[in-house]
Amino acid sequence: MSVSTAVAQFPQPDGGNLERGTLPARWYSEDAKCMEIPEWQVHEYNPNFIIMRQSPCTDYEKPFVFLFFGKEKAMLVDTGSRNGNLTPALQLVVKNWLTRNGRTSIPLIVTHTHEHEDHTWGDKALQALNDPAMPIIFVPSEVEASKRFFGIANWPRDTGQIDLGGRVLDVIPIPGHSKVSIAFYDRNTGVVLSGDTMYPGRLYVQDFPAFQASVERLIAFTKGKPVAHLLGNHIEESSTPFLDYPVGTMYQPNEHELAMPRGELLELDEALVAMHGTPKREALRDFSVWPSGPGFGSAAERNAYKKNVEEQRAKMWDQTKP
Ligand SMILES: [Zn+2]
Ligand SMILES: [Zn+2]
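Residues numbered from 1 in each chain as written. Chains lettered and ligands numbered in written order. Predicted model: local features only at pLDDT ≥ 70, side-chain atom pairs only at ≥ 80, totals over all residues. Heavy atoms only, no water.

Q: Mind laying out the coordination of the zinc ion (ligand 1), listing which residues take part and the relevant values?
A: Ideal values for angles at a metal depend on the geometry: 109.5 degrees with four tetrahedral donors, 90 or 180 degrees with six octahedral donors. Within the protein, the atoms that donate to the zinc ion (ligand 1) are His114 (NE2), His116 (ND1), His177 (NE2) and Asp196 (OD), at distances of 2.1 to 2.3 Å. Coordination at the zinc ion (ligand 1) comes from four donor atoms whose angles at the metal span 92 to 168°, giving a geometry best classed as irregular. Ordering the donors of the zinc ion (ligand 1) by residue number gives the pattern H-x1-H-x60-H-x18-D. Metal-to-metal, the separation of the zinc ion (ligand 1) and the zinc ion (ligand 2) is 3.5 Å; aspartate 196 coordinates the two. (Donors = N, O, S within 2.8 Å, 3.2 Å for Na, K, Ca; no water. Tetrahedral: all angles 85-135°; square planar, octahedral: opposite > 155°, others 65-115°.)

Below is the structure:
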């Protein structure tokens with residue numbers, strides 16, 4: 001059932017049998033130059049795994065979306081945030097891949113890390129797309145649809161799979177940040193897509209018991225498997241330990257890197273366990289736990305956030321005041 005015989009440890013520090021790739025030293029969103037920044041920054045991790053990031057000039061969330069190519073199908077994970085306009089940039093990437101591989105079309109599965117608007121905003125445009133080069137197989141970010149498509153028997157205890165042709169990804173339900181959160185484990189690269197559940201930033205926790213259980217299931221699932229990187233959906237943390245950017249920040253000079261090691265999940269779990277079931281805000285070195293259910297977050301915080309967004313947007317075309 002597996003195309004990979006990888007284990008968590010390799011006998012030599014030679015990279016093992018994982019397909020290698022690189023991440024950029026920095027993303028365009030560290031710059032305050034909306035005239036220059038493309039709607040989507042395209043980064044080729046390796047020839048069959050592409051990471052795209054939305055411009056900060058269209059939405060401060062500037063999420064990442066992920067595109068995997070197998071021999072038979074491609075799979076897009078997430079469709080961007082408000083005003084993202086992902087489709088044209090995506091079509092260009094897929095067409096370039098097809099040209100490089102001497103092909104004319106590949107079916108494209110469109111799925112999601114979770115149902116929040118900053119990762120599903122581009123759904124409608126992709127569902128309406130009629131491009132023979134990339135016929136869309138759309139999987140809505142809903143529990144039943146995810147169970148059916150990925151073959152998950154019991155949500156959230158069991159895992160599912162998707163085979164793109166010589167490339168199997170495992171699908172791990174991780175509700176807690178949201179109802180329909182899922183993680184993906186790509187056996188070829190050892191990359192884990194951890195969504196909004198784990199990334200360098202504020203980990204908003206909607207359902208605390210579910211979140212803790214999901215983190216622990218993800219730890220258990222990855223135990224014994226090689227994990228090259230956890231790749232989440234946002235960067236909100238600076239490269240300075242314990243320091244994030246205020247909510248709503250567009251440009252983020254000196255960002256924390258996107259990739260995190262599996263060990264960060266252990267640190268997160270340790271922090272959650274120490275809360276003994278009582279959620280509280282807590283800053284760790286590379287991320288913070290941020291309960292977001294009823295009773296968390298003050299009106300003053302919400303106003304400060306709005307003010308920050310408005311101030312930054314007001315000067316987004318003014319390069320003298322980055
Ligand atoms: Zn979210
Ligand atoms: Zn998000």
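Q: I'd like a rundown of the environment of isoleucine 219, residues and numbers included.
A: Mapping isoleucine 219 onto the fold places it in helix H5 (residues 208-222). When the C-alpha positions of isoleucine 219 and leucine 266 are compared, they lie 7.3 Å apart, and in sequence the two are 47 residues distant. In this structure isoleucine 219 touches Arg262, Leu265, Leu266 and Asp269, once residues within four positions along its chain are discounted. (Helix = DSSP H or I, 4+ residues; strand = E, 2+ residues; numbered from the N terminus. Contact = heavy atoms within 4.5 Å.)

Q: Describe the sheet that holds strand S7 (residues 160-163), with residues and values.
A: With mixed pairing, five strands are arranged side by side in an open sheet as S7-S8-S9-S10-S12. Taken across any chain shown, the strands that pair with only one partner, and hence form the sheet edges, are S7 and strand S12 (229-232). Between one strand axis and the next, the sheet turns through 25° on average, direction left out of account. Across three bridges, the pairing between strand S9 (residues 182-186) and strand S10 (residues 191-195) is antiparallel. In the strand pairing of S10, aspartate 186 is matched with valine 191. Along the sheet, helix H4 (residues 143-150) makes contact with S7, strand S8 (168-173) and S9, crossing S7 at roughly 60°. (Pairing = 2+ DSSP bridges. Axes fitted to C-alpha atoms, helices over the stretch in contact; angles between N-to-C directions.)

Q: Which residues make up the packing of aromatic side chains, and what values go with them?
A: Scanning the entire structure with this criterion turns up 10 aromatic pairs. Between tryptophan 27 and phenylalanine 64 the ring centres are 5.0 Å apart and the planes differ by 75°, which places this aromatic pair in the edge-to-face class. Placement of the pair is tryptophan 27 in the segment before strand S1 (40-46) and phenylalanine 64 in strand S3 (residues 64-69), with a sequence separation of 37 residues. Looking at phenylalanine 64, the relative accessible area reads 0%, which means it is buried. Taking 6.0 Å as the distance between ring centres and 70° as the angle between the ring planes, the aromatic pair formed by tyrosine 185 and phenylalanine 221 counts as edge-to-face. A residue pair is termed long-range when its members are at least 10 positions apart, and tyrosine 185 in strand S9 and phenylalanine 221 in helix H5 qualify at 36 residues. Here tyrosine 185 and phenylalanine 221 have matching classes, each one buried. Every member of this aromatic cluster is reached through a ring pair, and the members are Tyr45, Phe49, Phe66 and Phe68. Above the ring of phenylalanine 221, the side-chain terminus of lysine 225 is found at 4.0 Å from the ring centroid. (Phe/Tyr/Trp six-rings, centres within 6.5 Å; stacked < 30°, edge-to-face > 60°. Buried < 20%, exposed > 50% of the residue type's maximum accessible area, 1.4 Å probe, protein only. Lys NZ or Arg CZ within 6 Å of the ring centre and 35° of its normal.)

Q: Explain the coordination of the zinc ion (ligand 2) residue by residue, including any values.
A: The zinc ion (ligand 2) binds to the protein through Asp118 (OD), His119 (NE2), Asp196 (OD) and His234 (NE2), with metal-donor distances spanning 2.1 to 2.2 Å. For the zinc ion (ligand 2), the four donor atoms in the first shell make angles of 88 to 152° at the metal, so the coordination geometry reads as irregular. Of note, the donors binding the zinc ion (ligand 2) are all from one chain and are spaced D-H-x76-D-x37-H.

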